[in-house]
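Observations on the model geometry
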Amino acid sequence: MDLTELYQSVILENNRRPRNYRKLPEANRIASGNNPVCGDEITVFVQLDGDRIADISFQGAGCAISQASASVMTQRLKGRTLAEAETLFGRFKEIVTEGKPDDEDLDLSAFAGVHQFPARIKCATLGWHAAINAVHGDSVTASTE
Amino acid sequence: MKPSIDASAPDWAALRDDFPILGQSVHGHPLVYFDNGATTQKPRVVIESLVHYYEHDNANVHRGVHELSFRATTAYEAARTRVAEFIHAASSDEIVFTRGTTEGLNLIAYTFTSRLKPGDAILVTEMEHHSNLVPWQLLAKRTGARLLFVPVTGDDGLLDLSGIEGLLAQNVKLFAFPQVSNTLGTINPAQELCARARAHGAVSVVDAAQSAGHMPVDVQALGCDFLAFSGHKMAGPTGIGVLYGRLKLLEEMDPFQSGGDMIASVQYDHSTWNKVPHKFEAGTPHIAGAVGLHAALDYLDAIGRPAIAAHDSQLARDAYARLAEVPGIRLFGPSGERGGLVCFGLAGAHAHDVVTFADQEGIALRGGHHCTQPLWHKLGIAATTRASFYLYNTPAEVDRLIGVIHRAAKFFG
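All values derive from a computational prediction rather than experimental measurement.

Comments concerning the overall build of chain A
Of the regular secondary structure elements, chain A holds six helices and three strands. Listed N to C, the secondary structure of chain A is α-α-β-β-β-α-α-α-α in terms of helices and strands. In summary, chain A has a C-alpha radius of gyration of 14 Å against a globular reference of 15 Å for 145 residues, a match within 12%. Here chain A holds 145 residues, and 43% of them are scored as buried.

Focus on the overall build of chain B
When helices and strands are tallied, chain B shows 14 helices and 17 strands. For 413 residues, the compact-globule estimate of 2.2 N^0.38 gives 22 Å, and chain B sits close to it at 22 Å. Once the C-alpha set of chain B is aligned to its principal axes, its extents read approximately 70 × 55 × 40 Å. By residue count, 51% of the 413 residues in chain B fall in the buried class.

Description of the sheet that holds strand 3 (residues 52-61) of chain A
Residue and element names in this part refer to chain A. Spatially, 1-2-3 is the arrangement adopted by the three strands of the open sheet, whose pairing is antiparallel. Every other strand in the sheet has two partners, leaving strand 1 (29-35) and strand 3 as the edge strands with one partner each. Within the sheet, the average angular offset between the axes of one strand and its neighbour, ignoring direction, is 15°. Contacts between helix 3 (residues 64-77) and the sheet are confined to strand 2 (40-49) and strand 3, with strand 3 contributing the most and set at about 170° to the helix.

Some thoughts on the nonpolar core
Val 44 and Ala 131 of chain A together with Phe 175 and Leu 227 of chain B are the most contacted members of the largest nonpolar core, which totals 161 residues. Top element by residues in this core is helix 10 (residues 287-303) of chain B. It accounts for 11 residues. Mapped onto the domain boundaries, this core takes at least three residues apiece from domain 1 (12-43 + 304-412) and domain 2 (47-301) of chain B.

Observations regarding the packing of helix 4 (residues 82-98) of chain A against helix 6 (residues 121-135) of chain A
Residue and element names in this part refer to chain A. At their nearest, the axes of helix 4 and helix 6 sit 11 Å apart, and the two run at 170° to each other. Here helix 4 is positioned roughly antiparallel relative to helix 6, judged by the angle of their axes. Residue-level inspection shows Leu 82, Ala 85, Glu 86, Phe 89, Phe 92, Lys 93, Val 96 and Thr 97 of helix 4 in contact with helix 6, the latter providing Ile 121, Ala 124, Thr 125, Trp 128, Ile 132 and Val 135. A class-by-class count of the residues in the contact of helix 4 with helix 6 yields 10 nonpolar, two polar and two charged.

What to know about the interface of chain B and chain A
If you look at the interface, chain B gives 13 residues, while chain A gives 12 residues. A per-element tally of the side of chain B that touches chain A places helix 12 (residues 351-359) of chain B first, with four residues. Looking at the side of chain B that touches chain A residue by residue, the class counts come to four nonpolar, eight polar and one charged.

Topic: the sheet that holds strand 13 (residues 329-332) of chain B
Residues and elements named next belong to chain B. Overall, antiparallel pairing links the four strands, which are arranged 13-14-17-16 in an open sheet. Of all the strands in the sheet, the pair left with one neighbour each is strand 13 and strand 16 (366-368). Taken over all neighbouring pairs, the strand axes of this sheet differ in orientation by 30° on average, direction set aside. In the sheet, strand 14 (residues 341-346) pairs with strand 17 (residues 384-388) via four bridges, with the strands oriented antiparallel. Each residue of the ladder has a partner; that of Val 342, found in strand 17, is Ala 387. Against the sheet, helix 11 (residues 305-323) makes contact with strand 13, strand 14 and strand 17, and its axis sits at roughly 20° relative to strand 14, the strand it touches most.

With respect to the domain arrangement of chain B
Residue and element names in this part refer to chain B. If you check the domain split of chain B, you get domain 1 (12-43 + 304-412) and domain 2 (47-301). Computed from C-alpha atoms alone, the centre-to-centre distance between domain 1 and domain 2 is 27 Å. Contacts between the two partners involve 32 residues from domain 1 and, on the opposite side, 32 residues from domain 2. Counting only elements with at least two residues in the side of domain 1 that touches domain 2, the list comes to helix 11, strand 13, strand 14 and helix 13 (373-379).

Some points on helix 3 of chain A
Residues and elements named next belong to chain A. If you check helix 3, its first and last C-alpha atoms are 20 Å apart, about what 14 residues at 1.5 Å a residue would give, namely 20 Å. The complete set of buried residues in helix 3 reads Ala 64, Ile 65, Ser 66, Gln 67, Ala 68, Ser 69, Ala 70, Ser 71, Val 72, Met 73, Thr 74 and Leu 77. Gly 79 sits one or two residues past helix 3 and shows a positive phi near 90°.

Some thoughts on unusual backbone geometry
All names here are of chain B. A cis geometry characterises the amide bond from Val 276 onward to Pro 277, with omega recorded as 5°. Here Pro 277 shows up in the loop between strand 12 (271-273) and helix 10. Even without a glycine there, the phi angle at Asp 261 is positive, about 75°. Tracing the backbone shows Asp 261 in the loop between helix 9 (247-252) and strand 11 (263-266). In this structure Asp 261 comes out as partly exposed when scored by C-beta crowding, with 17 C-beta atoms within 10 Å.

Description of the pairing of strand 7 (residues 172-178) of chain B
Residues and elements named next belong to chain B. With seven of seven residues buried, strand 7 lies mostly within the body of the structure. Inspection of the sheet shows strand 5 (residues 121-125) paired to strand 7 by three bridges, in the parallel sense. From the neighbouring strand, Ala 121 faces strand 7, where its bridge partner is Val 172. Across five bridges, strand 7 lies against strand 8 (residues 203-207) in parallel orientation. Bridge assignment links Phe 175 to a residue of strand 8, and that residue is Ser 204. In this fold, the crossover linking strand 7 to strand 8 by way of helix 7 (residues 190-199) has right-handed handedness.

Quick word on the environment of His 294 of chain B
Residues and elements named next belong to chain B. Checked against the element boundaries, His 294 lands in helix 10. Given 25 C-beta atoms within 10 Å, His 294 falls into the buried group. C-alpha of His 294 to C-alpha of His 214: the two residues are 80 residues apart in sequence and 16 Å apart in space.

Criteria and cut-off values
- Every chain begins its residue count from 1, and numbering advances along the sequence as written.
- Note on labels: chains are lettered from A, ligands numbered from 1, in written order.
- Predicted model: local features are reported for residues with pLDDT of at least 70 only, side-chain atom pairs are reported and counted for 80 or more only, and whole-chain, interface and lining totals are derived from all residues.
- Here a helix means four or more residues in a row that DSSP labels H or I, a strand means two or more in a row labelled E, and each is numbered from the N terminus.
- To get the radius of gyration, use the C-alpha atoms; to get the globule rule, take the number of residues to the power 0.38 and multiply by 2.2 Å.
- Neighbour density around each residue's C-beta defines its exposure: 20 or more other C-beta atoms within 10 Å make it buried, 12 or fewer make it exposed, and counts between make it partly exposed, where C-beta atoms are placed from the backbone.
- Only when DSSP finds a minimum of two bridges between them are two strands counted as paired.
- Fitted lines through C-alpha atoms serve as axes, helices being fitted only where they are in contact, and the angles separating the N-to-C directions of these axes extend from 0 to 180 degrees.
- By definition, residue pairs are in contact when their C-beta atoms, positioned from the backbone, come within 7 Å.
- Think of a nonpolar core as buried Ala, Val, Leu, Ile, Met, Phe, Trp, Tyr and Cys residues chained together by C-beta atoms that fall within 7 Å.
- The split of the chain into domains comes from an automatic or database domain assignment.
- Oblique is the label for every angle not falling under 35 degrees (roughly parallel), over 145 degrees (roughly antiparallel), or within 65 to 115 degrees (roughly perpendicular).
- Each residue gets one label: Ala, Val, Leu, Ile, Met, Phe, Trp, Tyr, Cys and Pro are nonpolar, Asp, Glu, Lys and Arg are charged, and the others, such as Gly, are polar.
- Helix span, as expected, comes to 1.5 Å for every residue beyond the first.
- By convention a crossover is right-handed if, when the strands point away from the viewer, the path from the first strand over the helix to the second runs clockwise.

Listed below in structure tokens is the structure:
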């Protein structure tokens, strides 16, 4: 198997320069994710305006898959409603677990190769779980292990 | 068979054929197994000893009078005698079979609950594996004793012993430390540390998980009170381990787990305990595991532990020196004498990505915190990559490691 199937350029690039990697002073929702066995940690900051994600950012430490996934996630979730966020997460889960790319969403589809590395699915979904917890006001720490 | 100090050089390449698992390809490449710190592979003689036991001698031990029970008991107790010889214990009564290092350390921590009180202290080091830290944390919590730490100097991974006398003077009752660090590769001065503990009236506990299968270990020369190790990290089966304890201490200690086999007599309201070591072996033990461990010890001594130690250490020192040339690498542990492993961080490449990258070329590494989270927190890095070596690894495999780490640095950097 070619490693570039897993580490697509979108992933390598988002890992090197993660987008929205900062604290968000205006955040009114914050949630964390932690995979203790693996050691990946993430905090997601959300500024929720009604049922719309006005702004979103993250900070954390982990492998390229987890960091790039969180980076892409913040770009895709900004400006979305809660319902839209849930739908996007559902689509992303299909991409990483079944390897079905979404032709209309090339950034999310960059993670399709993850499905061939089942041990890494938890890395790709950690930030998303934390973000969904955040928008629901659920302060429990997410874990995908 | 006694280990020979002047071991003639074994034919390392030929030894690989003793390990059936090593002949395979992974992801289209010949397997390079560099995760020996986690568990080692098993030679055919060990696998065959398990099969032979189950096909010919299997029965429960100690309780039966029929022929098979006699054979199983004989094999199990022969393994105990062999372990005593292997680590030069004064008596096979000082050998308690456990599931592994972790259970051995927990046995001590549990039974020492009645021996510690507030104001006492437990001393460990900053380089502990979680299994030689968490049991003492819990013991401290149960008894009100304090937990003290011998500091680690920094990336070079040595124990800073400058303040150890002051630490031991703080009413330390038990001093636990690893003989070889599972992440730094440091070989600690175990004999000296045991002597210092003894001078302060403290019990010494040696975590020998990373040393017992790699170098000669002599509990009487070390002067330790306890020493724990795991069979599966020394060519033996999983689920079998050893706790060595000085006889007098074992006799004084309360039982750990209770049930069958560990009793002398049982009445409805009270019981009395079997003699050491059976007092600490409640329930049916891992008989086949002990048989397999016996075979593993014979195998290691046929090669010679001094030769294995030199071989593993040479591979680790070569890997260390050559990895130092990789751009963005941060190496941990001593640059000179070290046990058979190397741990490193790579700028811009998380350990799990490095491990996945190497795995695609058939090279098995380990990435993460290696169960020494507080150490990495102190050193300011969350995850590292480890290559750990054993008797079947070769310089050509180290060449492949160096190649793949250079490629990973380029790919992720």
